[in-house]
Every structure is written in structure tokens, then in C-alpha cells.
Amino acid sequence: MIAAKLELRRGAGLILLVSLAAVGSLMTAMAGLSSDRVGAWSSSGPGIVSWLNTTGLVLGPLAAAAGAWVGGRDRRLGVEELLAAVPMPRWRCDVASFGALVAAVIGGLLVVAVVVTGTVLPAITYAGGRWQVSVLLVILGCVACLAIGFALGRLVPHRWSAPVVALIVYLLSGIPTYLDNGVAQLALVSNLPSGDGQRLRLSVAALAIVWLVGLAASALLVASARRRHWALVPAVLAVVAAAQLAPLPVQWNGNSYSATWTEPDPDAMSQVCSTDEPKVCLNAVHAALLPEVTELAQPILAELPPGSVAAEQGLEHPAERPANASGEFAIPFLEGRTELFTTDVRDPDGLRAELADSFLSVWCAERTPAVSRAYGIAIALVLGPQAAAEGAESQDRVAVRLQRDPSARRAWLADYLKAGRTCDLSAFAELVS
Amino acid sequence: MMSTDPRSSASAAGHASTIRLSGLSVRYGRGRGARRALDSVDLDLTTGVHGLLGPNGAGKTTLMRVLATILTATSGEVRLLGRDVRHERDRRQIRRQLGYLPQAFGSYPRFTVREFVAYFAWLKEVPSRRAAAAVDRAIERVGLADRADTRMKSLSGGMLRRAGLAQALVNDPDVLLLDEPTVGLDPEQRITFRRLLREVGADTTVLISTHIVDDVAAICDQAILVREGRVVLRTHPAQLERLGAAFGSTEDGTSALERGYTAALHGRAVPSGVAQ
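Chain A appears in an unreviewed UniProt entry as ABC transporter permease from Micromonospora thermarum.

Take a look at the structure:
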């Protein structure tokens, strides 16, 4: 215990903790300032973990560097001769030093998590999605980096070992993210697939845990054990787990890469609705966006006849199923629509146009000029002449006439939606005549 | 071995050997390149301060490292405190009762003196309830009490060696091995250091490897001369002085002790009444 305390107070442990916290917080601040990041934030617990996973690309190599520094320290400082004559077995000293570094890694990640969570606490509206499993894998990934660094530092106790190990771990973690195959998921850090409404499959998470723990344990045994061949046992376990994980196909499921690592999260996809009419419902994982999306969607929905659509009026789509039927009035899946670490919609005007497009799209096989013109007029009508000013249809004589007459406008839009559902081309021709 | 000191024999008769070497040989390398660092060394040491003298390459440091249980003997038997160092469990027990200060050693620069010594108290498995007091006592004994909270990187060379000695003393060892312990100490520190070692040697077997014959004369009950891996003489430092008085002259500025040491190394007989 005294060794762990000393390591934390005087050794590399304290430096590692401060470095991880500072770098992670700096990355967060930089990402928050740019505010144009897509897909990393969903106002949820999993969103925070997803961000932690992203920071692992830099924090993992930092941990590896600290491991290499401490692993080679005794020999580099010339303390080995003193240590060789003490009764305490070497592995116990290493466990104390390594334990302190693990505590530093956990502490550093915790600080980053607290900083992010503290900053965005009012913006968190969903805390499911097995975020605890993801946190465990992020921590284990960094600990595996630490262990590998420790072993390499012990084997090559040079002062340059730490930066070289950091660079190697960075490259080995970063390059696979550009590969679309299962091997990429074996990267130690920044490897977890994430998507709104998705959660890690428990079976895959269990294999990933075996992979990371096995790797870390074999590295530590190579570094510290008197009988280094013991490292073969966890190494074999790690290889077996990796052999199961590597062939899992990486694919895009409309929500996240590597659908084989994730599964839909039913709680995240449950509906959270506005209280006033017309009702707007979002998936629970995007509940933070409800007020702003409601404000954008309700004026459009108010123009549309309530009796003319199916039950999914104003409903956010699930991730797996894109809108493909006319008249559903489906709100597009809102992943990546939030400004990082806030509950504000990125580009509200763009989202408003997309909502109009989603509500009024015509999904007929044949798209005649009359269909296209009717669609343009419908968009101009629901967005208003100012919002749709750039479109030629806003100057359309039919649109201009209808904009002046609200009851005629609603009747026209009802006919438009009816024509869209039935793909009645003659009805479209009549609408634009 | 040419001779033994009667006082050593007397003390050996009174006490059981804490260090016993029988036919100890250590060889470095293999085949034609092999070099014998120690050759059939027999040695029995009991409580008291013993000085290990010899030229560079004589095998002093190798002997210290074998006794510190760091280096394994090629052949022969090494028993410390009645235990055989070849057995792992015995070796661990020996190390609990061993203090070792190597010729060159490093430290953790960010640790304070107190933390450095406390860390070694932990490594030496000093019971935690006694550790804090043991650390304070060791630091005080080496005269670093006023520097206990100074970081190791801020210490001078002499203070570093004293901190090293404190870590060697922290477990109240029964066997204390010091390799060139007075290097870097100023005259005042050396005097304090000698006093400390005499005090420690009252109930501990202390073996000091050194080039400085004056240290041996001032502290040691027995001088052990090593040459080419063999123990060539065991005697009281006073007898070395007498040998020096019989050979050479003071014109070249050497002391009688130095001349005695040189003479003994080159096989000159110790004056009668000394040799056994």
C-alpha cells in the first residue's frame, strides 16, 4: 500500500493522472468549441461514454508511455541493485506500482467524465444503453495500453522507450479506425462502436473483456513474473477471444458501424411525446431535443390535415427503418443533430427543411414533372414564402395563390397527401394546373 | 590464507558464525572466455565490523554481491545467519535480516529521504506498526534527520550515500554489507560514519568493502585481504600497521598501514606473534 501511495504522490502515478485529466479535458473543450462534430453526442450517458472512448485515442498512448516509463525506471535509475537484495518479491513491487498507475488511469478518466458530465448535466436526458459496460471497456482498453507499455519499458529500459511506445500505441489504435473490418475493433482504445439507440451486445462485450484482460495480464506476466511462460495462459485466452471477435463483420446499420457489436436498445427507442397538439414524439435517447424539435415541427404539422395520415404522425423514426412511405409524417432519426455537449439542435433551419421534406416526400415509383412541381409547392406552403424563398416554387402562381388563402392551402395539402399515398399521377397534374 | 587474527578467533569461539563461506567460487562467462572472480573462498564472520581490502578486480564486489544474495555462486556453500542462500525460502528470510549498500546505487529523485527509506522498509517487510519508528531511527542514525523531507534529487553525493545507508539500516539488519560506503563523504561525515558503524557493529556483523585502509584501521575488528579472488590474509588492522612498520619507509608519504596492506598483498609475512 505504501508503494502505491508513494507512486501516486511522488512517482509517475500523479503525473499520469494529471496528464490524462488535462488532455482529456482539453480535448473536450476543443471539441465543444468547434461545435460541429456529428454523431458523438446524444444528450445521454452513452453519449458521454462515446466521447470518453474517442478521447482514448490520445489517453491510451499517454497511459502506455507512463507504463513504459515506470516499467524501465528501476533499471534506468540504477535502483535495481538495491531492489535485488530485498525480500519482497519483484512481482509484488510491480503490482503496487502498476496498481497505482491503474488508479491513476481510472482517476484521470473519471476526471474527464466528471468534467464532461458536470458541464452537460442539464443536457443529459437518457442514462441507459449499458453505458457501464462501455465504461468498463474504455478503462480496460487504457489499462491494457498501460500494461503493454509497462512490459515494453521493462524489456527496453531506455529513456526513449516511453515516447516510442506512445507513438506505436497511437498508430496501432488510430490506423484500424480507417479499416472497415472486424480486426479494427480489436484496437485497444477508441474502438467501441456507438450509435444512438444502440447498446453493446453482452456476448461481444464479454469477449472484448477477455481480450483486453488477457492481453494486459500476459504483458504484466512477461514483465514481472519469475516464470514468464505463465504469460502463455492469458495470452491464449486473449487470442481465443480475438479469434471470435475479428471475423464479426463491420457494417453500417443506419445508426452505427459494426452492427454485430451492437443491438437496438428498446429503452432508448421508447417514445417521449410533447403534451400539446399536434403531438410530436421522439425516441427517449433524443428526449433532450423534444422542445426544440416540437417548436420546429408543430407549425408544419399544423398545416397538414390531422385525419389524413397514419398513426405515426410526428413520430421520430427508429434508427433501423428509414422513412419510405408517403404520409407517415415521420421525423427523421435525430442522431448527430445536437451541438456537442448541449441540448441545442445544430442547424435548426436545416432540420426544419428536413422535417418538411420528410412529411411531404412522395414515394411513388414514377416521378413526373407534375409530381416534382407539386412537391415543391407543398414545401413552399409549409415552410412559408420566406423560408422557401430560394426555391422556384415559392414564386409558383399556385403557391402564391394558396399562401393567401389558408383554408384553400390546407385543402390543397390534404389533396396532395392523398395523391401521394395513392400515387395518383392525374391528381398531381390537377393539383398544379 | 596467510594468517588469522587471534581476536577474530576468540570472537568466533564466543559467537556462532553469521556468515560462513565454504569453497565459494564464482566464474563469469563460459568456455575460454570464462574468468574466475572468486576462487575457493572460505570465510567465517561473526558479530563485529570487518573490512574487506583488496586492489581493483580482486573480487571484493563479487563477494559482496554473493553475500547480498544477488549473485549465485558457481560452486561452494554460502550460509548467512545459519541459512543456505540456495533455498528460496531461506533467501527471503536472510534478506529480511540483511542490509546492503552497493558501491553505486540510484534513487527515486522525487522521493523525499523519508519516503525513500520508508519505501525500503516496506520492501524489507518491516512490520507496518514498526515501520514509521524504524524509518525515523534510521534517518536519525545517519544524521539526516534535518533533511528527512528533502527530495533525493536535492541531496549532495555524501548525503545520498547516507540516505543509502539509512535504507540499509532501516530493518535493523543482523548482517550489514557496505561496498565503498565512505566514498564522497567529507572528513567530518566520515568520522560520524565511523562512529555509527562501530555502534552498529556491537550487535551486527558488518562487512565493509573499501580501498581506504584508514577506514579499516579506524572501524574494523578485522581486515580481510582479497587478491585475485582469494582471501590472502585475515588479521587485525593493528597487525597490518606493524607489518607496514617493518617494511618500507615513511619518505614516500605512505602510512604504516598502507605499507602493511601493500606488503601483505605481495605475500610478505605478518610479524611473528600475529600469524596463526
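There's more to say after this.
J.: How should I be thinking about unusual backbone geometry in this particular structure?
T.: Negative phi values dominate among residues other than glycine, just as trans dominates among peptide bonds. In this model, E125 of chain B sits at a positive phi of 60 degrees, which is unusual for a non-glycine residue. Even without being a glycine, E180 of chain B presents a positive backbone phi close to 50 degrees.

J.: Which parts of the structure should I look at to understand helix α10 (residues 256–265) of chain B?
T.: An α-helical turn contains 3.6 residues, so any two residues separated by three or four positions project in the same direction. Of all 10 residues in α10 of chain B, eight are buried, a share of seventy percent or more. Considered for burial, the residues of α10 of chain B that qualify are A256, L257, R259, G260, Y261, A263, A264 and L265 of chain B.

J.: Just checking my understanding: could you explain the packing of helix α3 (residues 45–71) of chain A against helix α8 (residues 161–174) of chain A for this structure?
T.: Helix packing for two helices is described by the angle between their axes and how far apart those axes are. Residue and element names in this part refer to chain A. Packing of α3 against α8 leaves a shortest axis separation of 8 Å and a crossing angle of 150 degrees. Between α3 and α8, the interaxial angle falls into the category roughly antiparallel. For the pair α3 and α8, the sense of crossing is right-handed. From α3, L57, G60, P61, A64, A65, A68 and W69 reach across to α8, where they touch S161, A162, V165, A166, V169, Y170, S173 and G174.

J.: Teacher, can you tell me more about the pairing of strand β2 (residues 35–45) of chain B here?
T.: Two faces, one strand: in a regular strand the side chains alternate between the faces of the sheet. Residues and elements named next belong to chain B. Pairing between strand β1 (residues 19–28) and β2: seven bridges, direction antiparallel. Across the sheet, the residue bridging to L24 is V41, located in β2. If you look at the hairpin formed by β1 and β2, you'll find six residues sitting between the two strands, and G29 has a positive phi there, around 80 degrees.

J.: Quick question: what am I supposed to make of the environment of R194 of chain B here?
T.: As for its position among the elements, R194 of chain B is in helix α7 (residues 187–200). Sequence-distant contacts of R194 of chain B, that is, excluding residues within four places in its chain, are made with D214, D215, A218 and I219 of chain B.

J.: Even after reading the chapter, I still don't get the UniProt feature "transmembrane region" (unreviewed entry) in chain A, so can you show me in this structure?
T.: Residue and element names in this part refer to chain A. Annotation from UniProt places "transmembrane region" (unreviewed entry) at residues 12–33, 48–70, 98–125, 131–153, 160–179, 199–223 and 230–250. Structurally, residues 160–179 is divided into 70% helix and 0% strand, and its ends, taken at the C-alpha atoms, are 30 Å apart. Helix makes up 67% of residues 230–250 and strand 0%, with an end-to-end C-alpha separation of 34 Å.

J.: In this structure, what is going on with a nonpolar patch on the surface? I would like to understand it.
T.: All names here are of chain A. A cluster of nonpolar side chains, contributed by V58, L167, Y170, L171 and I175, occupies part of the molecular surface with about 440 Å² of accessible area. Among the elements that line the nonpolar patch, the one with the most residues is α8, at three residues. What makes L171 partly exposed here is its relative accessible area of 40%.

J.: Would you mind going over helix α6 (residues 157–169) of chain B with me for this structure?
T.: Relative to the 18 Å expected for 13 residues at 1.5 Å per residue, α6 of chain B spans 19 Å between its end C-alpha atoms, a close match to the ideal helical length. Counting buried residues in α6 of chain B gives 11 out of 13 residues, a clear majority hidden from the surface. Taken as a whole, α6 of chain B has its buried residues at G158, M159, R161, R162, A163, G164, L165, A166, Q167, A168 and L169 of chain B. Contacts made by the buried residues of α6 of chain B are with α5 (80–84) of chain A together with β6 (98–101), α4 (113–123), α5 (128–141), β7 (175–179) and α7 of chain B.

J.: I'm lost on the packing of aromatic side chains in this one. Help?
T.: For any pair of aromatic rings, the description rests on two quantities: the centre-to-centre distance and the angle between the ring planes. Residue and element names in this part refer to chain A. All chains considered together, the criterion is met by nine aromatic pairs over all chains. When the centroid spacing of 5.7 Å and the interplanar angle of 10 degrees are considered together, the rings of W412 and Y416 count as stacked. One end of the pair is W412 and the other is Y416, both in helix α15 (residues 406–422) and four residues apart, which spans about a single turn. Accessibility expressed as a relative area gives 6% for W412, which makes it buried. A ring pair is formed by Y416 and F428, whose centres lie 5.8 Å apart and whose planes are at 75 degrees; its orientation type is edge-to-face. In this pair, Y416 is assigned in helix α15 and F428 in helix α16 (residues 425–432), connecting sequence segments 12 residues apart. The same class applies to Y416 and to F428, which are both buried.

J.: Even after reading the chapter, I still don't get the interface of chain B and chain A, so can you show me in this structure?
T.: Interfaces are frequently sized by the accessible area removed from exposure as the parts join. Every contact between the two is made by 29 residues of chain B and, on the other side, 26 residues of chain A. It is Y108, R110 and W122 of chain B that lose the most area in chain B upon contact with chain A, and together they represent 26% of the buried surface on that side. The interface formed by chain B and chain A holds two salt bridges in total. A salt bridge links E81 of chain A to R65 of chain B, with the shortest nitrogen-to-oxygen separation between them at 2.7 Å. Counting across the chain B and chain A interface gives eight residue pairs in polar contact (both at pLDDT 80 or more). Where the side of chain B that touches chain A is concerned, the elements lending two or more residues are α3 (88–96), β6 and α4 of chain B. When residues in the side of chain B that touches chain A are grouped by element, the largest group, seven residues, is from α4 of chain B. Taken together, the residues of the side of chain B that touches chain A sort by class into 15 nonpolar, four polar and 10 charged.

J.: What's the story with a negative patch on the surface in this structure? I'm lost.
T.: Residues and elements named next belong to chain B. A surface patch of like charges, here negative, comprises D214, E241, D252 and E258. Considering the arrangement of structural elements, one finds E241 in helix α9 (residues 237–246). On the basis of relative accessibility, which here comes to 39%, the residue E241 falls in the partly exposed class.

J.: How should the sheet that holds strand β4 (residues 75–80) of chain B be read in this particular structure?
T.: The strands making up a sheet are joined through hydrogen bonds of the backbone, oriented either antiparallel or parallel. Residue and element names in this part refer to chain B. Strand order across the open sheet formed by four strands is β2-β1-β4-β5, with antiparallel pairing between neighbours. This sheet does not close on itself; its edge strands, each paired only once, are β2 and β5 (83–84). Helix α2 (residues 60–67) rests against β1, β2 and β4 of the sheet, and its axis sits at about 120 degrees to β1.

J.: What's the story with the pairing of β6 of chain B in this structure? I'm lost.
T.: Residue and element names in this part refer to chain B. Burial of β6 is two-sided: the residues L98 and Y100 facing one way and the residues G99 and L101 facing the other way are all buried. Two elements, β6 and β7, share four bridges in a ladder whose sense is parallel. Pairing of L98 across the sheet is with V175, part of β7.

J.: Can you walk me through the nonpolar core in this structure?
T.: Soluble globular proteins tend to bury their nonpolar side chains together. In this structure, V117, Y119, F120, L123, L178, L225 and L240 of chain B are the most contacted members of the largest nonpolar core, which totals 66 residues. Look past the residues within four positions of L123 of chain B in its chain and what remains in contact with it is L83, V86, P87, M88 and C93 of chain A. By size, the runner-up hydrophobic cluster in this structure holds 65 residues, among which are L16, V133, V143 and L340 of chain A.

J.: I'm lost on the sheet that holds strand β10 (residues 230–235) of chain B in this one. Help?
T.: Residue and element names in this part refer to chain B. With respect to topology, six strands assemble into an open sheet ordered β6-β7-β8-β3-β9-β10, the strand pairing being mixed. Each of the sheet's edge strands pairs with one partner strand only, and the pair in question is β6 and β10. On average, each strand axis in the sheet is tilted by 15 degrees relative to the strand beside it, whichever way the strands run. As paired strands, strand β3 (residues 48–53) and strand β9 (residues 222–227) are joined by four bridges and run parallel to one another. Bridge pairing in β9 links L52 to I224. Along the sheet, α7 makes contact with β3, β7 and β8 (205–210), crossing β7 at roughly 155 degrees.

Thresholds applied
Residues numbered from 1 in each chain as written. Chains lettered and ligands numbered in written order. Predicted model: local features only at pLDDT ≥ 70, side-chain atom pairs only at ≥ 80, totals over all residues. Heavy atoms only, no water. Buried < 20%, exposed > 50% of the residue type's maximum accessible area, 1.4 Å probe, protein only. Helix = DSSP H or I, 4+ residues; strand = E, 2+ residues; numbered from the N terminus. Axes fitted to C-alpha atoms, helices over the stretch in contact; angles between N-to-C directions. Parallel < 35°, antiparallel > 145°, perpendicular 65-115°, else oblique. Left-handed = near helix turned anticlockwise from the far one by under 90°. Contact = heavy atoms within 4.5 Å. Pairing = 2+ DSSP bridges. UniProt positions renumbered as here; feature names shortened; annotations may be inferred. Patch = residues over 30% accessible without salt bridge, like charges linked within 9 Å, V, L, I, M, F, W, Y side chains within 5 Å. Areas by Shrake-Rupley, 256 points an atom, 1.4 Å probe, with all protein chains shown as cover. Salt bridge = Lys/Arg side-chain N within 4 Å of Asp/Glu carboxyl O. Expected span 1.5 Å × (residues − 1). Phe/Tyr/Trp six-rings, centres within 6.5 Å; stacked < 30°, edge-to-face > 60°. Buried area = accessible area lost by both parts, 1.4 Å probe. Polar contact = N/O pair within 3.5 Å; in protein donor to acceptor, adjacent residues only side chain to side chain. Nonpolar A, V, L, I, M, F, W, Y, C, P; charged D, E, K, R; others polar. Lys, Arg positive; Asp, Glu negative; His and termini not counted. Charge placed at Lys NZ, Arg CZ, Asp CG, Glu CD. Core = buried A, V, L, I, M, F, W, Y, C linked by side-chain atoms within 4.5 Å.

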